[in-house]
Amino acid sequence: MTTTVTAKGQVTIPKAVRDLLGIVPGSKVDFHRAADGSVVLTRADKKQPASRFERLRGHAGEGLDTDAIMAMTRGEA
């Protein structure tokens, strides 16, 4: 992916990279030099985007409370 540097030294981070790192407006990013001389962009606030599994964690479905789930697992419903 290629981007152009503006006169102010600014660049636009490509959407695919923003999505991969979970970068949104207000996110902090860090640039550091790797051992091989390349420059690496990382998200500085360490908030990683939630995986599709993490986004589902804690969801039993619409309208089910703990008692209803327990009754279903016990075969009472």
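Note that the coordinates shown come from a computational prediction; the quantities given were computed from them, not determined experimentally.

**Quick look at the overall build of the chain**
Then step 1. Counting its regular elements, the chain contains three helices and two strands.
Then step 2. For the chain, the succession of helices and strands along the chain, N to C, is α-β-β-α-α.
Then step 3. Counting every position in the chain, which comprises 77 residues, the buried fraction comes to 8%.
Then step 4. Sequence-distant contacts in the chain: of pairs separated by 6 or more residues, those separated by 24 or more amount to 15%.
Then step 5. Carbon and sulfur atoms form 56% of the exposed surface of the chain, whose accessible area is close to 6800 Å².

**Looking at the pattern of salt bridges**
Then step 1. A complete count under the given rule lists two salt bridges for this structure.
Then step 2. Residue Asp19 is joined to Lys15 by a salt bridge in which the shortest nitrogen-to-oxygen separation is 2.9 Å. Placement of both Asp19 and Lys15 in helix H1 (residues 15–21) is noted, with a separation of four residues, approximately one turn of the helix.
Then step 3. On the basis of relative accessibility, which here comes to 48%, the residue Asp19 falls in the partly exposed class.

**As for the confidence of the model for the chain**
Then step 1. Per-residue pLDDT for the chain has a mean of 85; in total, 90% of the residues score no lower than 70.
Then step 2. Mean pLDDT across the secondary structure elements of the chain bottoms out at helix H2 (residues 52–56), with 74, and peaks at strand E1 (residues 29–33), with 92.

**A few points about the pairing of E1**
Each regular strand shows side chains that alternate between the opposite faces of the sheet.
Then step 1. Note that E1 and strand E2 (residues 39–43) share five bridges and pair antiparallel. Looking across to E2, one finds that Arg33 is bridged to Val39.
Then step 2. Remark: five residues form the turn of the hairpin made by E1 and E2, two consecutive strands paired antiparallel; Gly37 in that turn has positive phi of roughly 95 degrees.

**Here we look at the side chain of Arg43**
Then step 1. Its place among the elements puts Arg43 in strand E2.
Then step 2. Judged by relative accessible area, which is 10%, Arg43 ranks as buried.
Then step 3. Within polar-contact distance, the side chain of Arg43 engages the backbone oxygen of Gly22 at 2.4 Å.
Then step 4. Separated by 3.5 Å, the side chains of Arg43 and Ser27 make a polar contact.
Then step 5. Those residues in contact with Arg43 that sit more than four places away from it in its chain are Leu21, Gly22, Ile23, Ser27, Lys28 and Val29.

**Details of the side chain of Ser27**
Then step 1. Looking at where Ser27 falls in the secondary structure, it is placed in the loop between H1 and E1.
Then step 2. Not counting the four nearest positions on each side in its chain, Ser27 is found in contact with Gly22, Arg43 and Asp45.

Rules used throughout
- Note on numbering: residues in each chain are counted from 1, in written sequence order.
- It should be noted that, the model being predicted, local features are given only for residues of pLDDT at least 70 and side-chain atom pairs only at 80 or more, the latter also being counted only at that level, while totals for whole chains, interfaces and linings use all residues.
- Side-chain figures throughout are based on the complete set of non-hydrogen atoms in the structure, without hydrogens or water.
- Secondary structure elements follow DSSP: runs of H or I no shorter than four residues count as helices, runs of E no shorter than two count as strands, and numbering proceeds from the N terminus.
- For each residue, the accessible area found with a 1.4 Å probe, counting protein chains only, is set against the maximum for its type, and the residue is called buried under 20%, exposed over 50%, and partly exposed in between.
- Two residues form a contact once any of their heavy atoms are found within 4.5 Å.
- Only the protein chains shown count as cover for residues, and all accessible areas are computed by the Shrake-Rupley method using a 1.4 Å probe.
- Just to be clear on terms, a salt bridge is a Lys or Arg side-chain nitrogen sitting within 4 Å of an Asp or Glu carboxyl oxygen.
- For every residue, the predictor reports its confidence as pLDDT, a number between 0 and 100.
- For two strands to be treated as a pair, DSSP must find no fewer than two bridges joining them.
- Here a polar contact means two N or O atoms within 3.5 Å. Within protein one must be a hydrogen donor candidate and the other an acceptor candidate, and residues neighboring in sequence count only if both atoms are side-chain atoms.

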